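One-letter residues, chain by chain:
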Amino acid sequence: DIGFDAGKHNNYPSDSGTAAYSEFGADFEVTNYYTQTGGILVADNCEKPVIDSEYYHNASDKCVVNNDYVKPEKGENEKAEYGADGSANYSVWAYNSYVSKDVPQFSFTTGVTRKIVSLKVNNVAQYWQRMKIGFYSKPGFSDGDYFEAVFTGYDEAGNETASVVVPMADFRDGRTFLMESWTEVDLSALGNVNKVGLTASYSTAFSELFTGESYAVCVDNIKFDVTAD
């Protein structure tokens, strides 16, 4: 439900700092350090990355990939619904070792747990672009490369409940998969959670495409079993 200032498409601070908000009883936080972001920001835009130009534009690391996107003519309202199932807003979960030691996560107040059911994920535009075609002298994904999002639940005592691995890109065993549409992920295996965090698993080629230790995934439509309360 978060709003945006005029002309903005996400809620990270314009200068170095931290923004926090709450939704469905859970707390979220995002930190901006100059141009680098860590945590969970809310966004409402999308981008169709350029992949066939000699001098291509570096796609955004703060919005979802949308290869069906057609930019409106000048003067038209570009604001649309690019989240999962036509929602106006969605979140970007980003980790950057330069910004924060904590992985992107949301948590309920102490002692509160909810039974999580599912969420929807998609690739960030910049990550999709670099895995597809590379970045300057660094090549894109080839046979054996992969990028997996790992969602982990924690109970009220801080103990792990379970983890669910989601392939965001998979070039192993002859596959050439790059996620580019909102995809539902079953998280019921995590059970009752007080906190859900995102880590990642990836090949060497992935880490070479980005500065430092970093990863990002778009997330929307987090669902809980309210009958379990």
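Structure's up top.
Residues numbered from 1 in each chain as written. Predicted model: local features only at pLDDT ≥ 70, side-chain atom pairs only at ≥ 80, totals over all residues. Heavy atoms only, no water.

**Some thoughts on the packing of aromatic side chains**
Stage number 1. Here the structure, examined in full by the defined rule, presents 22 aromatic pairs.
Stage number 2. Pairing Phe108 with Phe224 gives two aromatic rings, centres 5.7 Å apart and planes at 70 degrees, and the pair type is edge-to-face. Separated by 116 residues along the polypeptide, Phe108 in the loop between strand E7 (105–107) and strand E8 (114–122) and Phe224 in strand E15 (residues 214–224) bring together distant segments of the chain.
Stage number 3. Members of the aromatic cluster, connected to one another through ring pairs, are Tyr21, Phe24, Phe28, Trp93, Phe106, Phe108, Phe151 and Phe224.
Stage number 4. Seen from the ring of Phe108, Arg114 lies directly overhead, with NZ or CZ sitting 5.9 Å from the centre. (Phe/Tyr/Trp six-rings, centres within 6.5 Å; stacked < 30°, edge-to-face > 60°. Helix = DSSP H or I, 4+ residues; strand = E, 2+ residues; numbered from the N terminus. Lys NZ or Arg CZ within 6 Å of the ring centre and 35° of its normal.)

**Some points on the nonpolar core**
Stage number 1. Core analysis: the largest hydrophobic core is formed by 60 residues, its most contacted members being Phe106, Val121 and Phe151.
Stage number 2. Looking at this core element by element, the count peaks at 7 residues for E15.
Stage number 3. Filtering out sequence-adjacent residues up to four positions away, Phe106 remains in contact with Phe24, Ala26, Asp27, Phe28, Ile40, Trp93, Ile116, Asn194, Lys195, Val196, Ile222 and Phe224. (Core = buried A, V, L, I, M, F, W, Y, C linked by side-chain atoms within 4.5 Å. Buried < 20%, exposed > 50% of the residue type's maximum accessible area, 1.4 Å probe, protein only. Contact = heavy atoms within 4.5 Å.)

**Here we look at the pattern of salt bridges**
Pairs may arise between side chains of opposite charge once their charged atoms sit close together.
Stage number 1. In total, this model carries 6 salt bridges according to the counting rule given.
Stage number 2. A salt bridge links Lys62 to Asp61; the nearest nitrogen and oxygen atoms lie 3.2 Å apart.
Stage number 3. Judged by its relative accessible area of 29%, Asp61 falls in the partly exposed class.
Stage number 4. Across the pair Asp170 and Arg172 runs a salt bridge whose closest N-O atoms are separated by 2.9 Å.
Stage number 5. When salt bridges that share partners are traced, they join Glu148, Asp170, Arg172, Asp173 and Arg175 into one network. (Salt bridge = Lys/Arg side-chain N within 4 Å of Asp/Glu carboxyl O.)

Any functional reading would require information that these geometric values do not contain.
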